[in-house]
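Architecture and fold: a report
So the chains spell out like this:
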Amino acid sequence: MERKEISNAVIKRLPRYHRYLGELLENGVERISSNDLSEKMNVTASQIRQDLNNFGGFGQQGYGYNVEYLYNEIAKILGIDRPNHMIIIGGGNFGQALTNYSNFERRGFIIQAIFDISPERIGKNVRNIPTLDMKELESFLSGHEIDIAVLTIPKNAAQEVTDRLVACGIRAIWNFAHLDLTVPDEVVVENVHLSESLMQLSYRISEKRDQE
């Protein structure tokens with residue numbers, strides 16, 4: 001059966017649904033209507049129903065959504081109902097900051113190792129996660145099942161490192177390098193351009209100023 005094509009806008013909203021449902025669970029809420037969920041999320045009830053109908057609906061008319069069930073089902077859709085093992089390429093300040101973000105583990109993203117070329121960083125642990133020499137990358141990947149590689153390296157090294165990762169069988173890359181990577185069709189890349197996000201924020205601030 002051919003899998004239904006889901007829009008990026010819907011995919012981007014799924015983590016928000018999961019987060020809000022998790023908060024409802026923590027507060028002991030067992031069920032919620034699309035109208036009540038819309039008020040919390042600032043998304044229309046119609047949009048919520050449309051989004052969830054892409055995956056089967058999950059709600060009952062007059063009853064709403066079972067919070068725990070929907071929370072778990074969205075986790076399955078997002079693929080976070082099982083551990084995702086990661087490595088970080090680049091042990092500088094940003095790479096270390098990501099490693100220190102323990103919330104990844106609560107979402108099932110387990111960092112197995114950091115890789116770097118700096119002698120000052122190699123051999124050191126960040127939150128008990130070892131920093132290894134980039135020369136060990138291929139041997140490490142051959143002995144470990146890694147789902148995601150995170151790139152926090154300069155753009156002049158990003159493509160070469162990506163080629164090495166792809167050759168080792170990595171099929172998912174979280175890319176913080178300021179470079180659009182060239183990868184085979186079977187490899188998924190999620191680009192995160194922090195400066196572009198900041199510029200979008202700047203635009204919105206300028207727009208507000210102009211209105212005032």
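Look up a bit, the structure's there.
Computed from a predicted model, the values in this text were never measured in an experiment.

Another point: the sheet that holds strand β7 (residues 148-151). The seven strands are arranged β5-β6-β4-β3-β7-β8-β9 in an open sheet whose pairing can be described as mixed. Across the chains shown, the open sheet's two edge strands, defined by having one partner strand only, are β5 (125-126) and β9 (188-191). In this sheet, β9 lies alongside strand β8 (residues 172-175) in parallel orientation, the contact comprising four bridges. Note that in β9 the partner of W174 across the bridge is E190. Where helix α8 (residues 155-167) meets the sheet, its contacts fall on β3 (84-89), β7 and β8, and the angle it forms with β7 comes to roughly 170°.

Turning our attention to the packing of helix α1 (residues 8-26) against helix α2 (residues 34-41). Look at α1 against α2: their axes get within 11 Å of each other, and the N-to-C directions meet at 105°. When the axis of α1 is compared with that of α2, the two are roughly perpendicular. Contact with α1, carried on its side by R16, Y17, Y20 and L24, involves L37, K40 and M41 of α2 and no other residues of that element. When its residues are assigned to classes, the contact of α1 with α2 shows five nonpolar, no polar and two charged.

This part takes up α2. Considered for burial, the residues of α2 that qualify are S34, L37, S38 and M41. Across the axial projection of α2, the buried residues extend over an arc of 105°, all falling on one side. Where α2 is buried, its residues touch α1, β1 (31-32), α3 (45-53) and β2 (65-66). Positive phi shows up at N42, right after α2, with a value of about 60°.

Moving on, we get to the packing of α1 against α3. Where α1 contacts α3, the two axes come as close as 11 Å, and the packing angle between them is 105°. Comparing the axis directions of α1 and α3 gives the class roughly perpendicular. Taking contact as the criterion, the partners of V10, R13 and Y17 in α1 are, on α3, Q47, I48 and D51.

To continue, consider the packing of aromatic side chains. Counted by the stated rule, this structure contains five aromatic pairs. Ring geometry for F115 versus F140: centroids 5.3 Å apart, planes at 75°, classification edge-to-face. Taken together, the residues span a long stretch of sequence, with F115 in strand β4 (residues 109-116) and F140 in helix α7 (residues 137-143) at a distance of 25 residues. You can call F140 buried: its relative accessible area is 12%. Ring centres 4.7 Å apart and planes at 65° place the aromatic pair W174 and F176 in the edge-to-face group. Put simply, the rings of F94, Y101, F104, W174 and F176 touch in pairs and so form one group of aromatic residues.

So, how was this worked out
Residues numbered from 1 in each chain as written. Predicted model: local features only at pLDDT ≥ 70, side-chain atom pairs only at ≥ 80, totals over all residues. Heavy atoms only, no water. Pairing = 2+ DSSP bridges. Helix = DSSP H or I, 4+ residues; strand = E, 2+ residues; numbered from the N terminus. Contact = heavy atoms within 4.5 Å. Axes fitted to C-alpha atoms, helices over the stretch in contact; angles between N-to-C directions. Parallel < 35°, antiparallel > 145°, perpendicular 65-115°, else oblique. Nonpolar A, V, L, I, M, F, W, Y, C, P; charged D, E, K, R; others polar. Buried < 20%, exposed > 50% of the residue type's maximum accessible area, 1.4 Å probe, protein only. Arc of directions from axis to C-beta. Phe/Tyr/Trp six-rings, centres within 6.5 Å; stacked < 30°, edge-to-face > 60°.

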